[in-house]
Amino acid sequence: MLSSERFIAKENEMGVSLDNDAYVDIFRMALKHIPTSGSLIDLGCGVGGMLKAAKESGFSVVGYDLFHKGGDIINDDFLNRTITSNVVSIIEVAEHIETKRFEHWIKTSLHCEYLLFSSTSTHNDKGIPDEDWGHINIQSQQYWVDLMKDAGYTLVKELEHPTEWTKLFKST
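Residues numbered from 1 in each chain as written. Predicted model: local features only at pLDDT ≥ 70, side-chain atom pairs only at ≥ 80, totals over all residues. Heavy atoms only, no water.

Focus on the nonpolar core
Quick reminder of the rule: To define a nonpolar core, start from buried Ala, Val, Leu, Ile, Met, Phe, Trp, Tyr and Cys residues and group those joined through side-chain atoms within 4.5 Å. Only protein chains enter the accessibility calculation, which uses a 1.4 Å probe; a residue is then buried when its area is under 20% of its type maximum, exposed when over 50%, and partly exposed in between. Under the DSSP-based scheme used, a helix requires at least four consecutive residues in state H or I and a strand at least two consecutive residues in state E, with every element numbered from the N terminus. What makes two residues a contact is simply this: any of their non-hydrogen atoms within 4.5 Å.
Counting residues in hydrophobic clusters, the biggest one holds 26 residues, and the most contacted among them are Ile90, Phe102, Trp105, Leu110 and Leu115. Only strand S1 (39–43), strand S4 (83–91), helix H4 (99–108), strand S5 (110–118) and helix H5 (141–150) provide two or more residues apiece to this core. Looking at which element gives the most residues to this core, the answer is H5, with five residues. Once you skip the residues sitting within four places of it in the chain, Phe102 turns out to touch Ala94, Ile97, Phe117, Asn137, Trp144, Leu147 and Met148. Formed by 23 residues, the second largest nonpolar core is a distinct cluster that contains Val24, Val47, Ala54 and Leu116.

In structure tokens form, the structure reads like this:
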């Protein structure tokens, strides 16, 4: 698995920066599909692209990340908390969490009106989860839809941003 220093270096190589407007724009595009305002919590927020876009749209924001901290970002493991917000964003995070632990947390500790969710369903070129990136929970997209349904969320729309696997769910 990548160290936090190498992970951040890889992000920088890919243009993951709040100074890169094209990077922040992918989050702005996703937010256009959310018909609410209020609070937004971004779990696994990285440098804070979603936080920046949401703040610009009038949301109060908080992010959680293990590799980043400062400003609106809390350096903490959100799986140890109950999360309640109008909107929660979990983008490219679930594949880094052991399956049973994530399933339990999503069903018992997440409370939101809208959930913006994305998780890769690809493997490395050898056909196995990309453990260099810490991918240990690779599932089909239908698995995620079914899990969210079991947790009380209905699929509203599939989006193209911030990733090709992004889905917007609404609490039922």
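Still to come is the rest of the account.
Things to note about the pairing of S1
Basically, it comes down to this: Note on pairing: DSSP must find at least two bridges between two strands before they are called paired.
Counting buried residues in S1 gives four out of five residues, a clear majority hidden from the surface. Where S1 lies against strand S2 (residues 60–64), five bridges are found, and the strand directions are parallel. Within the sheet, the bridge partner assigned to Ser39 lies in S2 and is Ser60. The pairing of S1 with S4 spans four bridges and is classified as parallel. Across the sheet, residue Leu40 finds its bridge partner in S4, namely Val87.

What to know about the pairing of strand S7 (residues 167–171)
Side-chain positions along a regular strand alternate between the two faces of the sheet. Judged from the four bridges that link them, S5 and S7 form a sheet pairing that is antiparallel. Opposite Tyr114, over in S7, you have Lys170 as the bridge partner. Two elements, strand S6 (residues 153–158) and S7, share five bridges in a ladder whose sense is antiparallel. Directly across from Leu155, in S7, lies its bridge partner Phe169.

Structural notes on the sheet that holds S1
Basically, it comes down to this: For helices, the fitted axis covers only the stretch in contact; all axes are lines through C-alpha atoms, and the angles between them, taken along N-to-C directions, range from 0 to 180 degrees.
Ordered in space as S3-S2-S1-S4-S5-S7-S6, the seven strands form an open sheet in which the pairing is mixed. Looking at strand neighbours, the two that pair on one side only are strand S3 (73–74) and S6, the edges of this open sheet. Docked against the sheet, H4 engages S1, S4 and S5, running at close to 135 degrees with respect to S5.

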